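Fold and geometry: a report
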Amino acid sequence: MMAVMSLAEAPGAGVSLAALHREHYRSLVRLAAVLVDDVATCEELVQDAFVAVLVRHSALSDGARLPAYLRSAVLNGARSHLRRRRTRERVRPVGVVRVEGSAEAGALRAEEHEVVLAALRALPERQREVLALRYYLDLSEAEIAETLGIGAGTVKTHAARGMAALHQTLGDQR
Amino acid sequence: MTGDVETRLRAAIESRTAAVRISDDADSLAAIEPRLAGANGRRRRRNVLAGLSIAAAIALVAVAVPLLGADGHGDQVTAGPETTTAATPTTAPPVDPTTLPEVIWPPPVADHPRFDDPVEAVRSFVEEYVGLTNPALSAFRPGPASTGEVDIFAKGEDGSIRRDLVRSTVSVLQVYGSWHVTGARSDDIVVERPAPLDAVGPTVVVDGRGRGYEGTIVAKVRGAYATRDLATEIATAGCCDELLPFRMELRAEVTAADCCEELLAFDHAKGSILLHNDSGTVASFAVVPIRFGGTETPSEETLVQVSWTGPEGELVASKRTVRKSDGVLKGALTQLLFGPTSDERDNGLSSGLDHAAAGSALLSVVIRDGRATIDFGADLPRLSPSTSSAEASQRFLRQLQATVFQFPTVTEAEFRAGGSCDAFWSWLQRSCTIVTRSNAGV
């Protein structure tokens, strides 16, 4: 544990890896899990994000922006992972939740949740990311815009289009 | 109703995230810590090396200036090489990043710049490789493991930048401090085949879905780092909002005997495919890195039949070429889900599915002891509302059975949606059943 704490200064002024990890790691893994079905992969994506962001921003003193950078890196990682998986498994839809064998399979078997998650994951990348950030992290439009590097108006557009698509897909399925 | 969907979405996300079991903090920290320490160490070493290079350059200038002012006396000239010799090893990477198979740009030639700014690497790529003039680029978005992305925004007719409309996204990779382009994607052009780094044969088959002005999608096969086209083909896909399937076969002979200078000069095995919409100017584009010299040839493909419903409600079969290695039944069903071509649609053929979404909805196809178990995935039912009537279900089922039972090795079939036979058949308002060749009436 001492070794961990010794990294407190590594990322830069005022930023502690341990504190950053404690505060954000779990929520970032869960954010990734909204988009990616395999939790081990989600953890790897978040660990990659920590390394990439903290190395890149080691000279920054603005630790307040690191959470947004981390969220952004996690979403980029999830996007790349899904694209690679889609390439490997050309006919497997990104939007389908694979429940076999995973520890959380039991909880995911509820068909309603599976269908809704599948619909979310079938949306275009930006739309599903905007909705994940809004409905999991409850971020404001400005925070989502900062995370995704797009304008607040674009966030609004993606959110509206995503919800419209979900409404069309799910609206008459109950 | 939207509120209801919001509630369901929140509940699904809550259920999903609550079910996630995360490893101990100490474990995940232990996974991050050494990687971070290693990355920081490499970064420090790079900085030290860069500092040494700068110091060496300053020293060189400090030596050179007096020399230039000394009217070239021979005894002073000898000081120059000693200084430069000390600086040289610090800047040479052990491996040329451009030799990495996924790197498409920049070309590994001495007179082409390398980029320490990812956005400038993308700008060079978009202007020189793709051919766009003065592209509107986003800021760099970092990804994991020294990767990242840069978006290319659309422009209005007056030249204004449309930051709300991303045309394409270019992927970059940082190796030894410089940035390299590894591919590009677009929501307007989805390439299903070839996959990145696939080995292609002399005939490059490009499958995907797309949309563009007048439905035009252009594909260009290129050599490594090259801006010259080895082969070009044009296909018609969606003209409007809907992504529609396209397929092109490009003859790109690439052999040691007759291949282009670019390939021989740099890397005979590497290449790329550029796809863009709009026949005049490039609007959206996708770029896939490929390798030449694959064994795949048209002879390894075969023709299958895919059945549709004709304008009079009759069953009509079209021929499609599928790769044997992918499985012929799977290939035929994938084509069924992609739907009829635009020409076939113009002739009144239909499958009753929403092909823009259903093109990817096939989870697995397994044939064992004559039984084909075909799982379409849980979301197929929601993609195809038109099967909600008994007549539409019957039509789709007839197409499906005709497509499946064309193969003599298949004697019976179990259809599933999301792994469930019940889910598939309830979508068609019927109960789960195993279809045999005889009761299918094929």
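Figured I'd write up the structure that's included with this text. (Residues numbered from 1 in each chain as written. Chains lettered and ligands numbered in written order. Predicted model: local features only at pLDDT ≥ 70, side-chain atom pairs only at ≥ 80, totals over all residues. Heavy atoms only, no water.)

1. Here's the deal with the overall build of chain B
- Scanning chain B for helices and strands turns up twelve helices and 18 strands.
- Relative to all contacts within chain B whose residues are 6 or more apart in sequence, the contacts with residues 24 or more apart total 58%.
- Just so you have it, chain B exposes about 19900 Å², and 53% of that area is on carbon and sulfur atoms. (Helix = DSSP H or I, 4+ residues; strand = E, 2+ residues; numbered from the N terminus. Contact = heavy atoms within 4.5 Å. Areas by Shrake-Rupley, 256 points an atom, 1.4 Å probe, with all protein chains shown as cover.)

2. With respect to the packing of aromatic side chains
Residues and elements named next belong to chain B.
- Under the defined criterion, the tally for this structure stands at nine aromatic pairs over all chains.
- Both rings, one in phenylalanine 415 and one in tryptophan 425, keep their centres 6.3 Å apart while their planes meet at 45°; by these two values the pair is tilted. Of the two residues, phenylalanine 415 is situated in strand E17 (residues 412–416) and tryptophan 425 in helix H12 (residues 421–427); the sequence distance between them amounts to ten residues. The residues phenylalanine 415 and tryptophan 425 share a single accessibility class, namely buried.
- Three or more aromatic residues joined by ring pairs make a cluster, and in this case those are Phe376, Phe415, Phe424 and Trp425.
- Residue placement shows arginine 222 over the ring face of tyrosine 129; its charged tip is 4.6 Å from the ring centre. (Phe/Tyr/Trp six-rings, centres within 6.5 Å; stacked < 30°, edge-to-face > 60°. Buried < 20%, exposed > 50% of the residue type's maximum accessible area, 1.4 Å probe, protein only. Lys NZ or Arg CZ within 6 Å of the ring centre and 35° of its normal.)

3. Some words on the sheet that holds strand E18 (residues 435–436) of chain B
All names here are of chain B.
- One open sheet holds the four strands; their spatial order is E15-E16-E17-E18, and the pairing between them is mixed. Where the open sheet ends on each side, the last strands, each with one partner, are strand E15 (364–368) and E18.
- Where E17 and E18 come together, two bridges link them in antiparallel fashion. The residue bridging alanine 413 from the neighbouring strand is valine 435, located in E18.
- Relative to the sheet, helix H7 (residues 328–338) contacts E15 and strand E16 (371–375), its axis offset from that of E15 by approximately 145°. (Pairing = 2+ DSSP bridges. Axes fitted to C-alpha atoms, helices over the stretch in contact; angles between N-to-C directions.)

4. Some points on the side chain of glutamate 125 of chain A
- Positionally, glutamate 125 of chain A belongs in helix H7 (residues 125–135).
- There is a polar contact of 2.6 Å between the side chain of glutamate 125 of chain A and the side chain of arginine 185 of chain B. (Polar contact = N/O pair within 3.5 Å; in protein donor to acceptor, adjacent residues only side chain to side chain.)

5. Comments concerning empty space enclosed by the protein
All names here are of chain B.
- Counted according to the given criterion, the structure contains one cavity of 30 Å³ or more.
- Pro101, Val103, Ile104, Ala224, Tyr225, Lys270, Gly271 and Pro289 are the residues that line the largest cavity.
- Partitioned by chemical class, the residues of the lining of the largest cavity number six nonpolar, one polar and one charged. (1 Å grid on protein atoms, 1.4 Å probe; cavity = no way out; pocket = protein on both sides within 12 Å on 5 of 7 lines; lining within 4 Å. Points joined across faces, edges and corners; volume = space filled by probe spheres on them. Nonpolar A, V, L, I, M, F, W, Y, C, P; charged D, E, K, R; others polar.)

6. With respect to the nonpolar core
- Counting residues in hydrophobic clusters, the biggest one holds 58 residues, and the most contacted among them are Val29, Phe50, Leu120, Leu131 and Leu166 of chain A together with Leu9 of chain B.
- In contact with leucine 166 of chain A, not counting residues within four places along its chain, are Ala119, Leu120, Leu123, Leu131 and Gly171 of chain A together with Val5 and Leu9 of chain B.
- Of all hydrophobic cores here, the second largest spans 34 residues; its members include Val404, Phe405, Phe415 and Trp427 of chain B. (Core = buried A, V, L, I, M, F, W, Y, C linked by side-chain atoms within 4.5 Å.)

7. Considering the sheet that holds strand E6 (residues 189–193) of chain B
All names here are of chain B.
- Taken together, the three strands give an open sheet; going across it, the order is E6-E7-E10, and neighbouring strands pair in antiparallel fashion. Either end of the sheet is taken by a strand with one partner, and the two such strands are E6 and strand E10 (244–251). When strand polarity is set aside, the average angle formed by the axes of neighbouring strands in this sheet is 30°.
- Judged from the eight bridges that link them, strand E7 (residues 203–210) and E10 form a sheet pairing that is antiparallel. Across the sheet, arginine 209 pairs through a bridge with proline 245, a residue of E10.

8. What to know about the pattern of salt bridges
- For the structure shown, the criterion picks out 24 salt bridges over all chains.
- Linking glutamate 141 of chain A and arginine 134 of chain A is a salt bridge whose minimum nitrogen-to-oxygen distance equals 3.6 Å.
- Residue glutamate 141 of chain A is classed as partly exposed on the basis of its relative accessible area of 27%.
- Ionic pairing is found between aspartate 229 of chain B and arginine 222 of chain B, a salt bridge with its closest N-O pair at 2.7 Å.
- A cluster of three or more residues bridged by salt bridges with shared partners is formed by Arg79, Glu125, Arg126 and Glu129 of chain A together with Arg141, Glu149, Asp151 and Arg185 of chain B. (Salt bridge = Lys/Arg side-chain N within 4 Å of Asp/Glu carboxyl O.)

9. A few points about the environment of histidine 24 of chain A
Residue and element names in this part refer to chain A.
- Mapped onto the secondary structure, histidine 24 falls in helix H2 (residues 17–35).
- When its relative accessible area of 15% is taken as the criterion, histidine 24 is described as buried.
- Between the alpha carbons of histidine 24 and phenylalanine 50 there is a distance of 10.0 Å; along the sequence they are 26 residues apart.

10. Some words on the state of the cysteines
All names here are of chain B.
- One pass over the structure, following the stated rule, counts one disulfide over all chains.
- Shown here is the disulfide that connects cysteine 421 with cysteine 432, its sulfur atoms set 2.1 Å apart. In this structure the cystine formed by cysteine 421 and cysteine 432 twists about its S-S bond by roughly 95°; its chirality is therefore right-handed. Of this pair, cysteine 421 sits in helix H12 while cysteine 432 sits in the loop between H12 and E18, placing them eleven residues apart in sequence.
- Overall, the relative accessible area of 9% leaves cysteine 421 in the buried class.
- Residue classification places cysteine 432 among the partly exposed residues on the basis of a relative accessible area of 36%. (Disulfide = S-S within 2.5 Å.)

11. Quick notes on the packing of H2 of chain A against helix H6 (residues 111–121) of chain A
Residues and elements named next belong to chain A.
- Where H2 contacts H6, the axes come no closer than 8 Å and their chain directions differ by 85°. Here H6 runs roughly perpendicular to H2, going by the angle between their axes. In contact with Ala33, Val34 and Leu35 of H2, H6 contributes Leu117, Leu120 and Arg121.
- Counted by class, the contact of H2 with H6 contains five nonpolar, no polar and one charged residues. (Parallel < 35°, antiparallel > 145°, perpendicular 65-115°, else oblique.)

This is a description of form; function is not addressed.
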